[in-house]
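Chain by chain, the residues run as shown.
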Amino acid sequence: PIQIGDHFHSRYRVVHKLGHGSYSTAWLARDEQFNRYVAVKVCTANSNPKEVDVISTLTRPHCPSANHPGKMMVPSILDRFTIHGPNGNHACYVTAPARVSLSGAKDGSWIRLFQPDVARSLAAQLVLVVDYVHAQGIVHGDLHLGNILLKVPPNFDQLSPKQLYEKYGAPELDPVVRLDGNPLLPGVPSHGIAPIWLGEASERITLSETRILLTDFGEAFSPSKERKYESRTPLVIRPPEARFEANDPLSFSSDIWTLACTIWSIIAQRPLFEGFLATEDDMTCEHVDTLGVLPLEWWRRWDARRLKFTEDGKPMNRNPFRSWDDRFEDSVQQPRRESDIPPFDAREREAFFDMLRPMLSFRPENRPTTKQILDSEWMLKWALPEYGKIQDNV
């Protein structure tokens, strides 16, 4: 249990909550030694410390590709320590704080769109950082908008805690109360704390603010050292081989599928594949509607196809059927026009399709590498130049 004002490791004073996941809670703290803000990630006592080791490998000073621009997009571990509490021993690690995730920025918006220059820059940076991670022999294993964070503005450290509260709001404490009226057990916090909102609606984020950090390496692995067969990526963006080739280990190409889905979500208002309380069959239907018939042996093994499609892949008794072109018009072009944001012109649209469609090849071995994606026309002519403008400013 952690409260505002707690002091750790003789230097970190907790000033607010940043957020939480299944295996950790992130706190905004003031580093009194260097007079700056940091994020202190406090892991549950039963968590696997593998993530910290992966990040340490990716950020070590003399690693291969040390000058790769993607290296700056992985959060460095500034400090590590352990705290002892009523629920066990908790591994803690300290990183630079972030402003908001890309999913958080979209959730803070009515129109759920980024400006075109921002979307291109975000996509370029995401491919660069995944290229760097892959170059170190590591598969991220969980690429999605919630794990891509925007860095805080350069003047953030100059705010005192009082000024921070005035600008973003003081912590709101909600008492934890037992329904039977009895006192709380040891190890249960007295209050819950709502996370601070440092973000901005997606359409209001400017190009100069689009410096990203790729986080959450809890599912990361090195295929040369371990075999991993189960994908824990959200079902709507999970690569199809995780279902149809369950006996084959996942590899770098599984990241390419989720990378494509995530780039689409950066560019578009809605995800490429959609499903509310979706099943595996629902998602396979989405894949076939969008991308065409599965490889023949997968198609024959998929029992539910008889209820959904004719043998040649035509949908039966289902409305609406949404093709790739339908989805691009519904999720990208039309929402942009309605929001007075420029849609893709014909040349950019064609280059974007030429890059993204191979990334969504059903067979993993047919997907491009990150190096090949970086050499695509859309990256070279549209995305990387927008990222270059940020580098020039820095």
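For the structure given in this document, a descriptive report is provided here. (Residues numbered from 1 in each chain as written. Predicted model: local features only at pLDDT ≥ 70, side-chain atom pairs only at ≥ 80, totals over all residues. Heavy atoms only, no water.)

## As for the nonpolar core
Note the threshold: Among buried residues, those of type Ala, Val, Leu, Ile, Met, Phe, Trp, Tyr and Cys that are joined through side-chain atoms within 4.5 Å constitute a nonpolar core. Only protein chains enter the accessibility calculation, which uses a 1.4 Å probe; a residue is then buried when its area is under 20% of its type maximum, exposed when over 50%, and partly exposed in between. Where helices and strands are cited, they refer to DSSP runs of H or I of at least four residues and of E of at least two residues respectively, numbered from the N terminus. A contact between two residues is defined here by any heavy atoms of the two lying within 4.5 Å.
Membership of the largest hydrophobic core comes to 81 residues, with the highest contact counts inside it found for Leu259, Ile263, Phe352, Leu356, Leu360, Trp378 and Met379. When residues in this core are grouped by element, the largest group, twelve residues, is from helix α3 (residues 116–135). Ignoring sequence-local partners within four residues, the contact set of isoleucine 263 consists of Ala123, Leu126, Val127, Phe352, Met355, Leu356 and Met359. Counting residues in hydrophobic clusters, the runner-up holds 14 residues, among them Tyr12, Trp27, Val40 and Ile193.

## Some details on unusual backbone geometry
Here the phi dihedral of arginine 112 falls at roughly 55 degrees; this positive angle occurs in a residue that is not glycine. In this structure, arginine 112 sits in the loop between α2 (102–107) and α3. By relative accessible area, arginine 112 is classed as partly exposed at 31%. For aspartate 216, which is not a glycine, the phi torsion comes out positive at approximately 55 degrees. According to the relative accessible area criterion, aspartate 216 is partly exposed, its value standing at 28%.

## Some words on the environment of glutamine 33
Tracing the sequence through the fold places glutamine 33 in the loop between β3 (24–31) and β4 (36–43). A sequence separation of 46 residues divides glutamine 33 from aspartate 79, and the C-alpha atoms of the two residues are 12 Å apart.

## Brief notes about the pattern of salt bridges
Put simply, the test is: Any Lys or Arg side-chain nitrogen located within 4 Å of an Asp or Glu carboxyl oxygen qualifies as a salt bridge.
Applying the stated rule across the entire model yields 32 salt bridges. With a closest N to O distance of 3.9 Å, glutamate 245 and arginine 301 form a salt bridge. Of this pair, glutamate 245 sits in the loop between α5 (241–244) and α6 (252–267) while arginine 301 sits in helix α8 (residues 296–301), and the two are 56 residues apart along the sequence. Of the charged contacts in the structure, one is a salt bridge between lysine 314 and aspartate 312, with a shortest N-O distance of 3.9 Å. Residues joined in a network through salt bridges with shared partners are Arg11, Asp31, Arg36 and Asp79.

## Digging into the sheet that holds strand β8 (residues 148–151)
How we decide: In this analysis, strands are considered paired if DSSP registers two or more bridges between them. To obtain an axis, a line is fitted to C-alpha atoms, over the contacting stretch when the element is a helix, and the angle between two such axes runs from 0 to 180 degrees between their N-to-C directions.
Spatially, three strands are ordered β7-β8-β11 in an open sheet, and the strand pairing comes out antiparallel. Sheet topology places β7 (98–101) and β11 (212–214) at the edges, where each strand pairs with a single neighbour. On average, each strand axis in the sheet is tilted by 35 degrees relative to the strand beside it, whichever way the strands run. Where β7 meets β8, three bridges bridge the pair, whose relative direction is antiparallel. By the bridge assignment, serine 101 is partnered in β8 with leucine 149. Across the face of the sheet, α3 comes into contact with β8 and β11 while running at roughly 35 degrees to β11.

## Digging into the packing of helix α10 (residues 324–338) against helix α11 (residues 346–359)
Threshold: In these notes the angle categories are as follows: under 35 degrees is roughly parallel, over 145 is roughly antiparallel, 65 to 115 is roughly perpendicular, and the rest is oblique. Left-handed is the label given to a crossing in which the near helix is rotated counterclockwise from the far helix by less than a right angle, and right-handed is the label when the rotation is clockwise. Gly is put with the polar residues, along with every residue not named as nonpolar or charged; the nonpolar set is Ala, Val, Leu, Ile, Met, Phe, Trp, Tyr, Cys and Pro, and the charged set is Asp, Glu, Lys and Arg.
Orientation of α10 relative to α11, taken along the N-to-C sense of each, is 120 degrees, at an axis distance of 13 Å. One element, α10, and the other, α11, form an angle in the oblique class. You can see that α10 and α11 cross each other, and the crossing is right-handed. In this structure, α10 uses Trp324, Asp325, Phe328 and Gln333 to contact α11, whose residues at the interface are Arg349, Phe352, Phe353, Leu356 and Arg357. For the contact of α10 with α11, the per-class residue count stands at five nonpolar, one polar and three charged.

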